[in-house]
Amino acid sequence: MNSLLTLTLFTSLIPITVYSIYIVAVLITKEPEPVKVKNYPRITVSIPTYNESEVIENRIKNLRDINYPSELIHAIVVDDQSTDDTVKLAKKAFKEYGISGEVIVKEKRTGTNASVNLGVSGAKTDIVVTTDADVVFEKNALDYAIGRLLSDEKIGAVCGELEPVIKKSSFTTSSEKAYRSVYGKMCTWESGIDSTYCFNGPLIALKKKAFSPIPETHGASDAGMALRIIRNGYRCLYEPAAKFYEYITEDLGQQRRQKLRRSARLLEATFYNLDLAFSNSRKFGFIVFPLRILMFFIAPAAFFTSVILWAYLAAEVSLIYGVGILALFTLALISGISSSNLVSSFIWHQIYLLFSLRYMFKGVHIWKAIDRKEV
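Residues numbered from 1 in each chain as written. Predicted model: local features only at pLDDT ≥ 70, side-chain atom pairs only at ≥ 80, totals over all residues. Heavy atoms only, no water.

Q: Help me get a handle on the environment of Glu 239, residues and values and all.
A: For Glu 239, the location among the structural elements is in strand 8 (residues 235–247). Linking Glu 239 and Glu 33, residues 206 residues apart in sequence, is a C-alpha distance of 9.6 Å. In contact with Glu 239, other than residues within four places in its own chain, are Pro 32, Tyr 144, Arg 148, Val 158, Cys 159, Gly 160 and Glu 161. Among the polar contacts made by the side chain of Glu 239, one reaches the main-chain amide nitrogen of Ala 241 at a distance of 3.0 Å. (Helix = DSSP H or I, 4+ residues; strand = E, 2+ residues; numbered from the N terminus. Contact = heavy atoms within 4.5 Å. Polar contact = N/O pair within 3.5 Å; in protein donor to acceptor, adjacent residues only side chain to side chain.)

In C-alpha cells, the structure reads:
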C-alpha cells in the first residue's frame, strides 16, 4: 500500500507542478505595451489554401480594410490543388479590392507545411506574414505584430492572439472560450522569459532571414516554424495586441477532429526538436521547452493515472469513496456543457493531448478542413 500511495503522489505531483507554474504565470503576467510600426515596410502576406471558396474573398478584402497601407502589401495565395473555385475567386478579389497579389497552384496536394515553405520562399520582401484563409485581422493587428517584430534585431517572429468567433453557443465553443482565456497569457509569459513556440498559425509575422524551411510531412507549420527560428538564434514572441478572429465550430465531432490533428502536429514538432532542451545557455532551452515537454508528453498520462489511483485507494477504504471520486471527476468533465469553465476545459485538453499521441506519426499534414464560415 505504501508503494502504491507513493506512486499515486508522484503521478499527482507532475501535473500539479507543471500547471501550478503556469497558473502563477497567468496570474502575474501583464500584457506588454504594444509597439506600433514607425516606418511601414513592404510586406508579403502568404495564404495557404485548399477549398476556401466560402472565405477567400473576405480574407483578401480584410487586407484592404486593416490599418496597414494596402499599397505596401503583396499577397501570395498558395493553393493546394483545390477542387472548388478558390483560385478563380482569389484572382477576382485581388482585382476587386486593389490588393497586389498572385496565385501559385501546386502540382500536387502536399499539405500546409509545403505551402508555407513555398509562400515564404517566394516572398521578395524582408518581412513575411503567414495567415489562413478563414480568419480576419483586427484593424491594428499587423501594425502591432510587425511593430513588435522590428523592435529588436533578435526577434525573428511574432504571432498574434486568437479571438474566438462564436455564432452558436455549445459545449465545444464554451470549452474553447475557457481555454483561450489563459492560452495567450501562458505564451506571453514564455515570451517574457525568452521565446514561445506555441504559435497561432493564422497570424505570424517573421523576418525572412530568420526563417528556415519546415519539414513538409510532420509537425505543425506554426510550431515547426517557431522552433526553426529559435534554432537559428532568434526569439519568437506572442503579441496579445495583434488580434485576429477565427470561427469556432459548435460541432463536437469537427472540434474533436481538429483538436486531435492540431495536438498531434504540435507534439510531432516538439518531438523532432527535443535536442533543443538543455542544449544552450538560453532560458528557452532550460525553462520553457522542458516545461512544454512535461505538459505535452508526461502530464496527461500522469493526470489520468493519478485519478484512477486515488479512486482505487479511496475504494480500499470504502467503495462509496472510490465511486464518489470518479463521479466528481465525471461531473467536472461534463460541467462545461452548461457553462464555460477552466476545469472542464483543462480535462478535455488532457484527453486530446493523450489521444493525439496515436496520430503523431500517421501523416496528418494533409487533412479535411472543418466547416468554413466568414467572420
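Now that the structure has been shown, the text picks up again.
Q: Explain the sheet that holds strand 7 (residues 203–207) to me, and be specific about the residues and the numbers.
A: Strand order in the open sheet made by the eight strands is 3-2-1-4-7-6-8-5, with mixed pairing throughout. Both edges of this open sheet fall to strand 3 (100–105) and strand 5 (135–137), since each of them pairs with a single strand only. Ignoring strand direction, the axes of neighbouring strands in this sheet form an average angle of 25 degrees. Note that strand 5 and strand 8 share three bridges and pair antiparallel. Looking at the pairing, Val 136 lines up with Tyr 245 of strand 8. Contacts from helix 2 (residues 56–65) reach strand 1 (43–49), strand 2 (73–79), strand 4 (127–131) and strand 5 within the one sheet, and its direction differs from that of strand 5 by about 10 degrees. In this fold helix 3 (residues 86–96) packs onto strand 1, strand 2 and strand 3, with an angle of close to 165 degrees to the strand it touches most, strand 3. (Pairing = 2+ DSSP bridges. Axes fitted to C-alpha atoms, helices over the stretch in contact; angles between N-to-C directions.)

Q: So what's going on with the pairing of strand 7? Residues and values would help.
A: For a regular strand, side chains alternate in direction, first toward one face of the sheet and then toward the other. Among the five residues in strand 7, five count as buried, and that is most of the element. Because side chains alternate across strand 7, one face comprises the buried residues Leu 203, Ala 205 and Lys 207, and the other comprises Ile 204 and Leu 206, equally buried. When strand 4 meets strand 7, the two strands line up antiparallel, connected through five bridges. Among the inter-strand pairings, Thr 130 is bridged to a residue of strand 7, identified as Ile 204. (Buried < 20%, exposed > 50% of the residue type's maximum accessible area, 1.4 Å probe, protein only.)

Q: Requested: an account of the state of the cysteines, with residues and values cited.
A: On inspection of all chains with the given rule, the structure shows zero disulfides. There is no disulfide at Cys 159, and the cysteine sulfur nearest it, in Cys 187, is 6.5 Å away. (Disulfide = S-S within 2.5 Å.)

Q: Talk me through a nonpolar patch on the surface; I want residue IDs and the actual numbers.
A: On the surface, Ile 23, Val 24, Leu 27 and Ile 28 cluster together into a nonpolar patch covering about 430 Å² of accessible area. Position of Ile 23 among the secondary structure elements: in helix 1 (residues 2–28). (Patch = residues over 30% accessible without salt bridge, like charges linked within 9 Å, V, L, I, M, F, W, Y side chains within 5 Å. Areas by Shrake-Rupley, 256 points an atom, 1.4 Å probe, with all protein chains shown as cover. Salt bridge = Lys/Arg side-chain N within 4 Å of Asp/Glu carboxyl O.)

From the geometry alone we can't say anything about function, so treat these as descriptive.
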